[in-house]
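The residues making up each chain are set out below.
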Amino acid sequence: MISQGVIKQDEINVIWKSDLIPGSPIAVRSDLDPEIKKKLKQALISVHEKDPSAIGGIGKVEKYMETNKEFYNPVRDAANLLGIDLAKKK
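Within each chain, residues carry numbers counting from 1 in the order of the written sequence. A pLDDT threshold of at least 70 governs which residues receive local features in this predicted model, and a stricter bar of 80 or more applies before side-chain atom pairs are shown or counted, although totals over entire chains, interfaces and linings include all residues. Excluded from the side-chain calculations are hydrogens and water; all other atoms, namely the structure's heavy atoms, are used.

S.K.: Mind showing me how you'd approach the overall build of the protein here?
M.R.: Tallying secondary structure elements over the protein gives 2 helices and 0 strands in all. Its C-alpha radius of gyration of 18 Å places the protein more than 25% over the 12 Å reference for a compact globule of 90 residues. For the protein, the spread of C-alpha atoms along the principal axes amounts to about 55 × 40 × 20 Å. Only protein chains enter the calculation, and the probe is 1.4 Å; a residue is then buried if its accessible area is under 20% of its type maximum, exposed if over 50%, and partly exposed in between. Taken over 90 residues, the protein has a buried fraction of 7%. Contact between two residues is taken to exist if any of their heavy atoms lie within 4.5 Å; hydrogens are not considered. Excluding contacts between residues fewer than 6 apart, the proportion of contacts in the protein whose partners are at least 24 apart in sequence is 26%. Helix and strand definitions follow DSSP, with helices as H or I runs of at least four residues and strands as E runs of at least two, each counted in order from the N terminus. Throughout, radius of gyration means the C-alpha value; the globule benchmark is 2.2 Å times the number of residues raised to the power 0.38.

As structure tokens, then:
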């Protein structure tokens, strides 16, 4: 809203900041050829150096990085606080 001129920076009072919230993952099939997985991973984690304009998504994406399931614990924690069962299928 600040960048759009709707409000001014001095009109904001920060009362709390959360830890960073992980964005959407990029996942591949578990049975994909290991060599293809390796090449794809390397391409994704280095694209910000070679062509930053190739990165897109919702919000401000600066780069892709390798991660693990524990990286998404803040999402699980938030769901737990809200009483959302992530294991429940719709």
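S.K.: Help me understand a nonpolar patch on the surface in this model?
M.R.: On the surface, a cluster of nonpolar side chains totalling about 670 Å² of accessible area is made up of Ile21, Val75, Leu81, Leu82, Ile84 and Leu86. Within the secondary structure, Val75 is located in helix H2 (residues 73-81). In this scheme, patches are assembled from residues that exceed 30% relative accessible area and form no salt bridge. Like charges are connected within 9 Å, while nonpolar side chains (Val, Leu, Ile, Met, Phe, Trp, Tyr) are connected within 5 Å. Throughout, the Shrake-Rupley method with a 1.4 Å probe supplies accessible areas, and for residues the shown protein chains are the sole cover considered. Salt bridge, as used here: a side-chain nitrogen of Lys or Arg that lies within 4 Å of a carboxyl oxygen of Asp or Glu.

S.K.: Is there a simple way to explain the pattern of salt bridges in this structure?
M.R.: When their charged atoms lie close together, side chains carrying opposite charge are able to pair. Within the structure shown, the criterion is met by 2 salt bridges. Two residues, Arg29 and Asp31, come together in a salt bridge whose shortest N-O distance is 2.9 Å. Judged by relative accessible area, Arg29 falls into the exposed class, the value being 58%. By relative accessible area, Asp31 is classed as exposed at 53%. Among the salt bridges present, the one from Glu66 reaches Lys41, with a minimum N-O distance of 3.3 Å. Remark: Lys41 occurs in helix H1 (residues 34-50) and Glu66 occurs in the loop between H1 and H2; sequence separation between them is 25 residues. What makes Glu66 exposed here is its relative accessible area of 54%.

S.K.: Got a minute to help me understand the layout of surface pockets in this structure?
M.R.: One simple way to see leftover space: roll a probe sized like a water molecule over the atoms. Its boundaries defined by the atoms lining it, the second largest pocket holds a volume of some 270 Å³. As for the second largest pocket, its lining consists of Trp16, Lys17, Ser18, Asp19, Leu20, Ile21, Pro74, Val75, Asp77, Ala78 and Leu81. The residue makeup of the lining of the second largest pocket, split by class, is 7 nonpolar, 1 polar and 3 charged. Cavities and pockets are defined on a 1 Å grid built over the protein atoms alone: a cavity is a set of grid points where a 1.4 Å probe fits but cannot escape, while a pocket is an open set with protein on both sides within 12 Å along at least five of seven lines, and lining residues are those with an atom within 4 Å of any such point. Grid points are joined across faces, edges and corners, and a volume is the space filled by probe spheres set on the points. All amino acids are sorted into three groups, where Ala, Val, Leu, Ile, Met, Phe, Trp, Tyr, Cys and Pro are nonpolar, Asp, Glu, Lys and Arg are charged, and the leftover types, Gly among them, are polar.

S.K.: Looking at this model, I keep getting lost on the environment of Ile26. Mind explaining?
M.R.: Its location among the elements puts Ile26 in the segment before H1. On a C-alpha basis, the gap between Ile26 and Tyr64 in space is 8.9 Å, while along the polypeptide they are 38 residues apart. Residues contacting Ile26, with those up to four places away along its chain left out, are Leu44 and Tyr64.

S.K.: What should I look at first to understand the environment of Asn80 in this one?
M.R.: For Asn80, the location among the structural elements is in helix H2. We classify Asn80 as exposed; its relative accessible area is 62%. In the structure, Asn80 is positioned 58 residues away from Pro22 in sequence and 16 Å away in space, judged by C-alpha atoms.

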